[in-house]
Protein chains: 4
Amino acid sequence: MLIMMKAGSLPEDVDRIRRIIHELGFDTRAVTLGDRLGVRTVGADLDDLEAITQRAEVEQLLPIGQPIPLAAGQPRGTRSQVRVGPATIGDGFTLIAGPCAVETREQLLGVATAVKRSGAEILRGGAWKPRTSPYEFQGLGQAALELLEQARGETGLPIVTEAVDHASFDQLEACAEMVQIGARNMQNYELLKRAGRSSRAILLKRGISATLDEWLMAAEYILQAGNRNVVLCERGIRTYSGHSRFTLDLSVIPVLRRITHLPVIVDPSHASGDRRSVAALARAAAAVGADGVMVEVHDNPENARCDGRQSLSSEEFERLSRSIRLIEAAIDSPTEPVL
Amino acid sequence: MLIMMKAGSLPEDVDRIRRIIHELGFDTRAVTLGDRLGVRTVGADLDDLEAITQRAEVEQLLPIGQPIPLAAGQPRGTRSQVRVGPATIGDGFTLIAGPCAVETREQLLGVATAVKRSGAEILRGGAWKPRTSPYEFQGLGQAALELLEQARGETGLPIVTEAVDHASFDQLEACAEMVQIGARNMQNYELLKRAGRSSRAILLKRGISATLDEWLMAAEYILQAGNRNVVLCERGIRTYSGHSRFTLDLSVIPVLRRITHLPVIVDPSHASGDRRSVAALARAAAAVGADGVMVEVHDNPENARCDGRQSLSSEEFERLSRSIRLIEAAIDSPTEPVL
Amino acid sequence: MLIMMKAGSLPEDVDRIRRIIHELGFDTRAVTLGDRLGVRTVGADLDDLEAITQRAEVEQLLPIGQPIPLAAGQPRGTRSQVRVGPATIGDGFTLIAGPCAVETREQLLGVATAVKRSGAEILRGGAWKPRTSPYEFQGLGQAALELLEQARGETGLPIVTEAVDHASFDQLEACAEMVQIGARNMQNYELLKRAGRSSRAILLKRGISATLDEWLMAAEYILQAGNRNVVLCERGIRTYSGHSRFTLDLSVIPVLRRITHLPVIVDPSHASGDRRSVAALARAAAAVGADGVMVEVHDNPENARCDGRQSLSSEEFERLSRSIRLIEAAIDSPTEPVL
Amino acid sequence: MLIMMKAGSLPEDVDRIRRIIHELGFDTRAVTLGDRLGVRTVGADLDDLEAITQRAEVEQLLPIGQPIPLAAGQPRGTRSQVRVGPATIGDGFTLIAGPCAVETREQLLGVATAVKRSGAEILRGGAWKPRTSPYEFQGLGQAALELLEQARGETGLPIVTEAVDHASFDQLEACAEMVQIGARNMQNYELLKRAGRSSRAILLKRGISATLDEWLMAAEYILQAGNRNVVLCERGIRTYSGHSRFTLDLSVIPVLRRITHLPVIVDPSHASGDRRSVAALARAAAAVGADGVMVEVHDNPENARCDGRQSLSSEEFERLSRSIRLIEAAIDSPTEPVL
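Residues numbered from 1 in each chain as written. Chains lettered and ligands numbered in written order. Predicted model: local features only at pLDDT ≥ 70, side-chain atom pairs only at ≥ 80, totals over all residues. Heavy atoms only, no water.

1. Remarks on helix α7 (residues 189–196) of chain A
All names here are of chain A. The buried count for α7 comes to 7 of 8 residues, which makes it a mostly enclosed element. By the burial criterion, the buried members of α7 are Y189, E190, L191, L192, R194, A195 and G196. Here the buried face of α7 lies against β9 (159–163), α6 (166–173), β10 (178–181), β11 (201–205) and α8 (212–224). (Buried < 20%, exposed > 50% of the residue type's maximum accessible area, 1.4 Å probe, protein only. Helix = DSSP H or I, 4+ residues; strand = E, 2+ residues; numbered from the N terminus. Contact = heavy atoms within 4.5 Å.)

Structure below.
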């Protein structure tokens, strides 16, 4: 555990905290985190140190090995909100929906209008698509951006779309309210630094085999470069298990809520790869305490140029939206706090 | 995909189905499954073959490689219910709760009374504990069974507890309404065959690195030996991810609902290993469509002899129970079917 | 790190060691391990504590979290040898070979004679086969034991074969020089305890998702029950990677050589599942420092009732044997110690 | 399996092959691969189709799902060689060695001179270091390139070093004989396309959770953009197993030798993360059939700014080099072909 002292703490404050922890039976070492003082303990967890969390000189306790002062560094219990045009992630449960890839004007407008009607607050749609094979459809690029702007004009929905390098980031920045860094680029540090120099909201997907530390340190690259508008997105991890495209790791959500102030959403579409599982997993994301979901919707899933198998129809999305609202109401009831 | 023909189908029925599938562009081969005829297709999935599922001569389509006629072999959409004393798994959402290990009379009766009051329908409690190290507490054995019987006498709750070999199975069978086969023994085939010769309900936990096929084939060992009262239990799989003890694989639930008639519950306690995540994951299990959860509850988690860190207090369980009832109501609403 | 003090050490010896470690900058705690005293350090590794390993009062340093006094408890650098009839594992590189399952007298004698001629010292052959599906061939059982005894009579090769429960263990114990506990039963603790009450050599395969700690603690169950003749067997772990049946974890060999005195062999046949990779992996096992390999050989791989795809022919085994002898000579040369 | 027909094959050649396969009992479909004709079979593997491989009209059989015509598209058994300055990878076993990161002139020249003397043919050294945390040492950048050029001037060793984006690629291309694409960037497709427009040799590391298909398709991005000088590098995959930093997947080497003509080397240093395992794993890489190893060597491992724990000293590297030469001789002997 890492104990961050409040700004302005003195070495004698650190010593006092260390003495208390020694009496609890744990060893400590004094550390420095940028301009802050801290204490590292060994073998103790959050429960062991509960008494410490009450102390005035302590800002917070971090249950992790490597320092992520910006991703973790808010007073305990505070959670950030990130604005995406007229929408806000981190204030209620946010629905993001749209096609995997932008294909045609009709396709995009049809889907945008439908998902807006069903309660989506942000429109997703891929312009540059990172594809495993060089022989697959790579996205419409700039032409897709123009269609996304038209869809925003007609529906009022802000846009999230993915950047794959500096060049596409520059183009997206001028247009989209939120720029996605995809799972394959989660440790493309030069792209993260570029995102950090932007003022756009950034949606940072978890790499398919990223640990929690690695994911938060990727976020730290963006935060440290100056951009505080970061939203995390769990999208399934690679495991031995083959019945689903990836294994959606919903257990990460309650842990993230304890150790970072950043909002976190869930992408059940890429995780499962199968339309028939998407709605069930999206409901689970709402029940587990995520701040939203991003779901692929297509007006004609069978003929999608990309990932049609995992896209909901507009009708399926409408039903999903209604059941999520009921779950939200259920877990917002005063009978139980979310964590 | 494996297409099972209805009982009584003739070779010419098989040929007709094969012709239809060939016209859809897929290859086929005729197969025999015990006393049934079938057709194996290659490259086609359930969606491709939707037309086939409507045919009168077809019983069902199975999206798996190896035959599990008993685990899969019910008419499409039918789901089994398993009786556990007065309780029924597979009819509504079932709460199973109790301590990890039975320790004392006071502990067990205190917990049993509390969880019964909060809506639990089955009492769990370990008598024989499989432990990673030979130097750890191995459970009270027969003495624990006597305490479980007393708790049942006072609360009316039926009992589920784990067998670790033939000897403990014999003892449990005389006492518990439901016998658990733990994750470590999921491929202990001699124990599975013993379970198959019992008439008790069997709770078959998924091995920590079992594929769906392996899990269902373990169930098939029990079913094939004659015991049809099998309930599956997802309890987390082993992945690289270290923020949680195991990675709870909730994506398996909608897939299981498509390919087996057996009920499936979720154990969020062993999966997360951390009390602070258990309630959130239990709510997610309800939202994703599981038939129940099994949760560890302890009256004094800090002093538990086993797995105290993951046990809820009685008060936490009461709050969890209430929020799950609200989620159940939400997803039972007519706005959306569970799958 | 765990520092085990020599038998007869006094608390003041422990204090002296702790002071030295504190001066190196690491925290310590005094611990008791059965009848031994010890010191646990935090954050230090073997290199940091090199000075300590020279001290007369220190028996050894263990780089692991949980105590396994018997699996680890030899003076540093000592490695055990396990006798299997006339063969010895842990003294040179041992070849174990034979068919996956015993099928017929001709098959078994043919293979046994051939592998003996090529340098195999132990004959393998399955009598009871744990199979994923209840509908697969489960082995000849007692009849296979009789054939194995005949093969031993004709070739002089001692026998290793797998027990799957107490009943089969009883039968094997009367016949085989070495009893295998398979990967699926690595945490079948009742079977491990039974193995511990035997005087036969035990071949303990690693579970397909067992950590090093779990594997060594499974060995500890056998050792602690009284049987010191334990040989470990790496046979591939389950990972996301699909080009091989399992991922052979050869990196475990040098680590095992540092932390346990038990010999360790490698099974490349079950790991790869593909005859065309077996010889290359067996050569790698020799080069990485394993004490032997166990290889499946069949006189007619195409028609084997079990795992024919992964079986070498007698000719392939002969070529493998010769190249392994050359590698053995290469790494035994004085230019470099094995570790 | 995918059967590629020879250039110039006619549809009637395809039909003939399909008839033969049908008679063997397998279904087929005709496919087109760029300008080539092909046949896709289902359920058959390389052994089943051995007769086919002898046919004059067949170029080769590929055991994979997605087309990688360039990575796979050489006549059967042909393997490519890649020139790196005066060195050639794919012709004998190549030793690549040097420090993780270039730190100072003395450090680099000392190591370069020592590894050259021990038989290394290529010098490695990081200029830009992708680091998990933004607060870690990120490499000397351009200054490191100048030191690498000096080391080349003094030793004659060609250089391999890592590019992390377009800007660093441009700088490296002017200087290094071989440019590394690291594991984190294996699916950074824009960087792969940049590498494909270069004439430098490219060392493509496997992503930490990349399947074989994904890795070869990443290579295909480079090949397809015009650069045929690609060398693969296995460097360990992420698994649940914690005793090693990553799990070195040596079983991938014999599979790669069957399905691609590209040379493949192994990096045991990053895989194990522990100096004490590096030499054993490097020997195993030689025995399993890799075309070389890349090993970190540091003149003062304890004080390295980066990854010192996994670096060999010059003396350890010298011993390793000698034992590898002996293993090379052993497996080159006529007793057994490498595969």
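Now, onward.
2. A word on the pairing of strand β7 (residues 94–98) of chain C
Residue and element names in this part refer to chain C. The element β7 is extensively covered by neighbouring structure, given that 5 of its 5 residues are classed as buried. Side-chain alternation along β7 places T94, I96 and G98 on one buried face and L95 and A97 on a second face that is also buried. Here 2 bridges tie β7 to strand β8 (residues 122–124), and the two strands are oriented parallel to one another. What sits directly across from A97, in β8, is L123. (Pairing = 2+ DSSP bridges.)

3. Comments concerning the packing of helix α4 (residues 105–117) of chain A against helix α5 (residues 142–155) of chain A
Residue and element names in this part refer to chain A. Running from N to C, α4 and α5 cross one another at 35°; their axes reach a closest spacing of 10 Å. Seen from above, α4 lies across α5 with right-handed handedness. For the pair α4 and α5, contact is made by R105, L108, L109, A112, T113 and K116 and by L147, L148, Q150, A151, E154 and T155, respectively. Here the residues of the contact of α4 with α5 sort into 6 nonpolar, 3 polar and 3 charged. (Axes fitted to C-alpha atoms, helices over the stretch in contact; angles between N-to-C directions. Left-handed = near helix turned anticlockwise from the far one by under 90°. Nonpolar A, V, L, I, M, F, W, Y, C, P; charged D, E, K, R; others polar.)

4. Here we look at the packing of helix α7 (residues 189–196) of chain C against helix α8 (residues 212–224) of chain C
Residue and element names in this part refer to chain C. Packing of α7 against α8 leaves a shortest axis separation of 6 Å and a crossing angle of 45°. One way to sum up the angle between α7 and α8 is to call them oblique. Here α7 and α8 pass one another in a crossing that is right-handed. Along the contact surface, α7 presents Y189, L192, K193, A195 and G196, while α8 presents A218, Y221 and I222. Considered class by class, the residues forming the contact of α7 with α8 number 6 nonpolar, 1 polar and 1 charged. (Parallel < 35°, antiparallel > 145°, perpendicular 65-115°, else oblique.)

5. Things to note about empty space enclosed by the protein
Residues and elements named next belong to chain B. All chains considered together, the criterion is met by 4 cavities of 30 Å³ or more. Within this model, the largest cavity holds a volume of roughly 110 Å³. Its residues placed into classes, the lining of the largest cavity shows 4 nonpolar, 6 polar and 4 charged. Within this model, the second largest cavity holds a volume of roughly 50 Å³. Looking at the second largest cavity, the residues that line it are R124, G125, G126, W128, K129, V160, T161, E162 and Q180. Its residues assigned to classes, the lining of the second largest cavity shows 2 nonpolar, 4 polar and 3 charged. (1 Å grid on protein atoms, 1.4 Å probe; cavity = no way out; pocket = protein on both sides within 12 Å on 5 of 7 lines; lining within 4 Å. Points joined across faces, edges and corners; volume = space filled by probe spheres on them.)

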